[in-house]
Amino acid sequence: MSETSVKRSFRYRFYPTGAQATELLRTFGCVRKVYNLALAARAEAWSDRRQRIGYSQTSAMLTAWKRTPELGYLTEVSCVPQQQALRHLETAFGNFFAKRAGHPRYKSRKRSRKSAEYTVSGFRFRDGKLTLAKMSEPLDVAWSRPLPDGATVSTVTVSQDAAGRWFVSMLCDDPSVEPLPAAAQAVGIDVGLDNLVTLSTGEQVANPRHERRDRNRLARAQRSLSRKAKGDGANRAIAQRKVARIHARSADRRRDFLHKLTTRLVRDNQTLVIEDLAVRNMLKNRTLARSIADAAWSELRSMLEYKAAWYGRTVIVADRFFPSSKLCSDCGVVQESMPLCVRTWTCSCGANHDRDVNAARNILAAGLAVAACGDYVRPAWRSPRGRSSAKQEVVPPQRASAAAQSRD
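Per-chain numbering applies: the sequence of each chain, read as written, is numbered from 1 onward. Whole-chain, interface and lining totals are the exception, using all residues; otherwise, since this is a predicted model, local features are given only for residues with pLDDT of at least 70 and side-chain atom pairs are given and counted only at 80 or more. Only heavy atoms go into the side-chain values, all of them from the structure, while hydrogens and water stay out.

The protein chain carries the name Transposase in an unreviewed UniProt entry, which gives Yinghuangia soli as its organism.

### Looking at the UniProt feature "domain: Cas12f1-like TNB" (unreviewed entry) in the protein chain
UniProt positions are given in the numbering used here, feature names are shortened, and annotations may be inferred rather than shown by experiment. The UniProt record marks residues 297-363 with the feature "domain: Cas12f1-like TNB" (unreviewed entry), using the residue numbering of this structure. The distance from the first to the last C-alpha atom of residues 297-363 is 16 Å, and the span holds 36% helix and 16% strand. Under the DSSP-based scheme used, a helix requires at least four consecutive residues in state H or I and a strand at least two consecutive residues in state E, with every element numbered from the N terminus.

### Side note on the nonpolar core
Residues F14, L24, L132, V156, V158 and V168 are the most contacted members of the largest nonpolar core, which totals 38 residues. Secondary-structure elements contributing two or more residues to this core are β1 (6-14), α1 (18-49), α2 (55-66), α3 (79-97), β2 (114-119), β4 (129-132), β6 (152-160) and β7 (166-174). If one sorts the elements of this core by residue count, α1 sits on top with 9 residues. Contact between two residues is taken to exist if any of their heavy atoms lie within 4.5 Å; hydrogens are not considered. If we skip the residues at most four places from it in the chain, V158 touches F14, L24, F28, K114, S115, A116, Y118, L132, W166, F167 and V168. Among buried residues, the Ala, Val, Leu, Ile, Met, Phe, Trp, Tyr and Cys ones that are joined through side-chain atoms within 4.5 Å form a nonpolar core. Residue exposure (1.4 Å probe, protein chains only): buried if accessible area is under 20% of the type maximum, exposed if over 50%, otherwise partly exposed.

### Considering the packing of aromatic side chains
Stacked, tilted and edge-to-face pairs are distinguished by plane angle, under 30 degrees for stacked and over 60 for edge-to-face with tilted covering the rest, among Phe, Tyr and Trp rings (Trp via its six-membered ring) whose centres lie within 6.5 Å. Counted by the stated rule, this structure contains 8 aromatic pairs. Between F93 and F97, the aromatic rings sit 5.9 Å apart at their centres with planes inclined by 35°, giving tilted as the arrangement. Of the two residues, F93 and F97 both sit in helix α3, 4 residues apart, roughly one turn of that helix. An aromatic cluster is present here, built from Y12, F125 and W143 joined pairwise through their rings. Two conditions define a charge located above a ring, namely a distance within 6 Å from the ring centre to NZ of Lys or CZ of Arg, and an angle within 35 degrees of the ring normal. Its end group placed over the ring of W46, R52 keeps NZ or CZ at 5.6 Å from the ring centre. Sitting over the ring of Y311, R267 keeps its end group 5.3 Å from the ring centre.

### Structural notes on the pattern of salt bridges
Salt bridges, as used here, are contacts in which a Lys or Arg side-chain nitrogen is within 4 Å of a carboxyl oxygen on Asp or Glu. Scanning the entire structure with this criterion turns up 21 salt bridges. The closest approach of N and O atoms between E76 and R26, which form a salt bridge, is 2.3 Å. Placement of E76 in the loop between α2 and α3 and of R26 in helix α1 is noted, with a sequence separation of 50 residues between them. The structure contains a network of salt bridges with shared partners spanning D161, R165, D252 and R255.

### Considering the pairing of strand β3 (residues 123-126)
For a regular strand, side-chain orientation follows a simple rule: the groups alternate between the two sheet faces. In this scheme, strands are said to pair when DSSP sees at least two bridges between them. As paired elements, β3 and β4 share 4 bridges and run antiparallel to each other. When the sheet's bridge partners are listed, F123 is paired in β4 with L132.

### Let's talk about helix α9 (residues 297-311)
The span expected for a helix works out to 1.5 Å for each residue beyond the first. Between its terminal C-alpha atoms α9 stretches 21 Å, which fits the 21 Å expected from 15 residues at 1.5 Å a residue. Of the positions making up α9, those classed as buried are W297, L300, M303, L304, K307, A308, W310 and Y311. One face of α9 carries all of its buried residues, which in axial projection span an arc of 150°. G312 sits one or two positions beyond α9 and adopts a positive phi of about 75°. Starting at the helix axis, one direction is taken to each C-beta atom, and the arc is that of these directions.

### Observations concerning the layout of surface pockets
Approximately 1,300 Å³ is the volume attributed to the largest pocket. Any residue with an atom within 4 Å of a point lines the site, the site being either a cavity, points on a 1 Å grid over the protein atoms alone where a 1.4 Å probe fits but cannot get out, or a pocket, an open set with protein on both sides within 12 Å along at least 5 of 7 lines. Lining of the largest pocket is provided by 37 residues; of these, S112, K114, Q160, D161 and A162 occupy positions nearest its centre. Each residue receives one of three labels: charged for Asp, Glu, Lys and Arg, nonpolar for Ala, Val, Leu, Ile, Met, Phe, Trp, Tyr, Cys and Pro, and polar for the others, Gly being one of them. Looking at the lining of the largest pocket residue by residue, the classes come out as 12 nonpolar, 11 polar and 14 charged. Grid points are joined across faces, edges and corners, and a volume is the space filled by probe spheres set on the points.

### A word on the confidence of the model for the protein chain
Of all residues in the protein chain, 90% have pLDDT values of 70 or greater, and the mean over the chain is 87. As a per-residue measure, pLDDT reflects the predictor's confidence and takes values from 0 up to 100. Confidence over residues 376-408 falls short of pLDDT 50; this stretch has 34 contacts with residues more than four positions distant or in other chains.

### Things to note about a positive patch on the surface
A residue counts toward a patch only above 30% relative accessible area and without a salt bridge, and it is joined to like-charged neighbours within 9 Å or, for Val, Leu, Ile, Met, Phe, Trp and Tyr, to nonpolar neighbours within 5 Å. Per-residue and other accessible areas follow the Shrake-Rupley method at a 1.4 Å probe size, with only the shown protein chains counted as cover for residues. When charges are counted, Lys and Arg contribute as positive and Asp and Glu as negative, whereas His and the chain ends are disregarded. For charged residues, the charge sits on one atom: NZ in Lys, CZ in Arg, CG in Asp, CD in Glu. On the surface, R13, R109, K110, R111, K114, K230, R241, K242 and R245 cluster together into a patch of positive charge. The element contributing the most residues to the positive patch is helix α6 (residues 234-268), with 3 residues. Within the secondary structure, K230 sits in the loop between α5 (215-226) and α6. Residue K230 is classed as exposed on the basis of its relative accessible area of 77%.

Below, the structure is given as structure tokens:
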């Protein structure tokens, strides 16, 4: 394995036979059952005895569960996905104790994601054919693109989405990913709703609004679903499948567009500066929530960050409270107010600004200033009255000493 290899996932659609689909659905159910049993056992151990139990204890419990008459069916499917479920639960508790996530929750048969993860002992991949444990025939995978030469597959995750489509995700070490040649360009990126992305160069990428294209179809499908009683069995399931397919169609188009856009930005620029947005709080705005969710700003940022790490680029996140839209990029004066309806404005210095282009230029300047001066230095800007409108942040001595030690 090359020193520059990265962990990379390749996702393909496959079409199982009836027997394979039955086996996978049973595996999904067993994985969900084991996860919930282990979560209940850990919760009970803490509430009754104030005892923390980890993966080793739950793995021993799994062996005992399989020997009981009530849970004997767990032995009928591969043990590898069940062990992986226990590892995932251990990771979830680790994130909870580190305050990176909430307390793990029980998996629901209807609402939780249907998936099972196989490690190297649970699958065989030879000559372009993938065979899972407990299966005699390989999966009928639609190989939309080849795996990289020399890639070593470490895990295989099989899943079924709400639209009924089957996918297999293969995680491998990809030695073909290498840093790109250094580029001289740096770009500031301002995200929005009319234009999904506005660059400091003046380029504006229109928002495709993928969800709006299928809004009428989605409304009809949802009305049809609302007329189906909850106990209507197959008819309600068919209606739910139609709604899920429309959502999946929009999500696929959105993901494809973001991949193409972020790849181009990372390839063309050495430094990319983006704004730190509280998207979760912005979604509380009932008027704009639907459009904000469709824009997928968080997914855009995530793609930029991991692709920049792959190709040797730098992503800088500007401060969330930096007034990029109200700040004149020519003279540095901050306007008193800037409603969303104002798209172009003229500064007192005579400079005419497009709201989004001006914001992207200010974001770039702020990011480059932070890169040059350090994380604890933020650019100052002047208000029309000559006073700084920014909160003057003084680094506490303990933070300053910690920062100096980390640099050393």
